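Each chain is listed here by its residues.
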Amino acid sequence: MKNIKAFIFDLDGVLTDTAEYHFMAWKRLAEEEGISFTRQDNEQLRGISRRDSLKLLLKGRRLSEEKMQELMDRKNGYYREYIKAISEKDLLPKAADLLNDLKARHYKLALASGSKNAPQVIDRLGIASFFEVIVHGGSVEKTKPAPDLFLHAAEKLGVAPQFCVVVEDAKAGIDAAKSAGMATIGIGPPERVGAADLIYPSVADIRLGDVS
Ligand code: B16
Ligand code: MG
């Protein structure tokens, strides 16, 4: 990892723990539909789109497009109900310190979340002003593991992909960043983010001296 000029942050699972709210919303939907859904099943859904998440939850069951849409809307309704409770207190420990530190060191900062709800979450966390660029699930057609979202963020920042490092908690996100030709910092257990260049248990553990 050399000559890094920009940090691109994932949102869910990196800066805040909305991953738990996604789990609660999918679990509620699965129970209503009589489908078993465990915390372990939920691990497969981390970082991927709403539609791809539903397909995994359905475990091969085939439904009409209309029913798929209804299930996605219902899950999203539950999720939006849960995120109403989010406030600045839900920013994960040391996340604001890290963002301030990066700004002081003149790194460019972007946020790239696969979630179409990212604007509401960012607003509730009060973190919009940290970022020069914010892209989300509504900004590109193909989200993670496709590289599009990160490439779009880098282009808007005006920094070539090889000078960007992506901070991600999901395997799909690490794969997306690698396909984009970017350096990677994985947040979480090696079973999940083992392919990343650097791995830390949480953002609070990131040592900028390892990056530069
Ligand atoms: P939505 P991230 C991702 O956000 C979540 O990790 C993933 O669990 C979710 O399915 C996806 O956003 C889509 O979210 O249904 O709100 O559009 O981790 O890329 O910030
Ligand atoms: Mg994430």
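Draft legend 1. Spotlight on the site of ligand 1. Taken together, 15 residues lie around ligand 1, and Arg50, Ser113, Gly114, Ser115 and Asn117 are the ones closest in. For ligand 1, an oxygen atom lies 2.7 Å from a polar atom in the side chain of arginine 50. Asparagine 117 places a side-chain nitrogen or oxygen 2.7 Å from an oxygen atom of ligand 1. In the complex, the protein chains occlude 96% of the 470 Å² of accessible area that ligand 1 would expose alone. Looking at the shell around ligand 1 residue by residue, the class counts come to three nonpolar, seven polar and five charged.

Draft legend 2. A look at the coordination of the magnesium ion (ligand 2). The coordination sphere of the magnesium ion (ligand 2), as far as protein atoms go, consists of Asp10 (OD), Asp12 (O) and Asp169 (OD), spread over 2.0 to 2.1 Å. Between consecutive donors of the magnesium ion (ligand 2), the numbers of intervening residues give the motif D-x1-D-x156-D. A residue is classified by how much of its surface remains accessible, and aspartate 10, at 4% relative accessible area, is buried. Residue class for aspartate 12 comes out buried when judged on its relative accessible area of 13%.

Draft legend 3. Fine view of the packing of aromatic side chains. Summed over the entire model, instances satisfying the criterion amount to six aromatic pairs. Residues phenylalanine 130 and phenylalanine 131 carry aromatic rings whose centres are separated by 6.5 Å and whose planes lie at 70° to one another, so their mutual orientation is edge-to-face. One aromatic cluster is present, formed by Phe7, Phe9, Tyr107, Phe130 and Phe131 through successive ring pairs. A cation over an aromatic ring shows up here: arginine 28 above the ring of tyrosine 78, its NZ or CZ 3.7 Å from the ring centre. If you follow lysine 75 out to its NZ or CZ, it ends over the ring of tyrosine 79, 4.8 Å from the centre.

Draft legend 4. Region of the structure containing the sheet that holds strand E5 (residues 183-187). Taken together, six strands build an open sheet; the order of strands is E3-E2-E1-E4-E5-E6 and the sheet is parallel. Edge positions in the open sheet fall to strand E3 (133-135) and strand E6 (198-200), since each of these has one partner strand only. Pairwise comparison of adjacent strand axes, ignoring direction, gives a mean angle of 20° for this sheet. Helix H7 (residues 148-157) contacts strand E1 (6-9), strand E2 (108-112), E3 and strand E4 (164-168) of the sheet and is inclined by roughly 160° relative to E3. Contacting E4 and E5, helix H8 (residues 171-179) runs over the sheet at an angle of about 175° to E5.

Draft legend 5. Highlighting the environment of histidine 106. Relative to the elements of secondary structure, histidine 106 occurs in the loop between helix H5 (95-104) and E2. Residues histidine 106 and glutamate 20, spaced 86 residues apart in sequence, show a C-alpha to C-alpha distance of 33 Å.

Draft legend 6. Unusual backbone geometry, seen in detail. A cis amide bond links lysine 144 with the next residue in sequence, proline 145, at an omega value of 15°. As for its placement among the helices and strands, proline 145 is situated in the loop between E3 and H7. The backbone phi angle of lysine 94 is positive, close to 70°, even though this residue is not glycine. Within the secondary structure, lysine 94 sits in the loop between helix H4 (65-83) and H5.

The rules we used
Residues numbered from 1 in each chain as written. Chains lettered and ligands numbered in written order. Predicted model: local features only at pLDDT ≥ 70, side-chain atom pairs only at ≥ 80, totals over all residues. Heavy atoms only, no water. Near = heavy atom within 4 Å. Polar contact = N/O pair within 3.5 Å; in protein donor to acceptor, adjacent residues only side chain to side chain. Areas by Shrake-Rupley, 256 points an atom, 1.4 Å probe, with all protein chains shown as cover. Nonpolar A, V, L, I, M, F, W, Y, C, P; charged D, E, K, R; others polar. Donors = N, O, S within 2.8 Å, 3.2 Å for Na, K, Ca; no water. Buried < 20%, exposed > 50% of the residue type's maximum accessible area, 1.4 Å probe, protein only. Phe/Tyr/Trp six-rings, centres within 6.5 Å; stacked < 30°, edge-to-face > 60°. Lys NZ or Arg CZ within 6 Å of the ring centre and 35° of its normal. Pairing = 2+ DSSP bridges. Helix = DSSP H or I, 4+ residues; strand = E, 2+ residues; numbered from the N terminus. Axes fitted to C-alpha atoms, helices over the stretch in contact; angles between N-to-C directions. Contact = heavy atoms within 4.5 Å.

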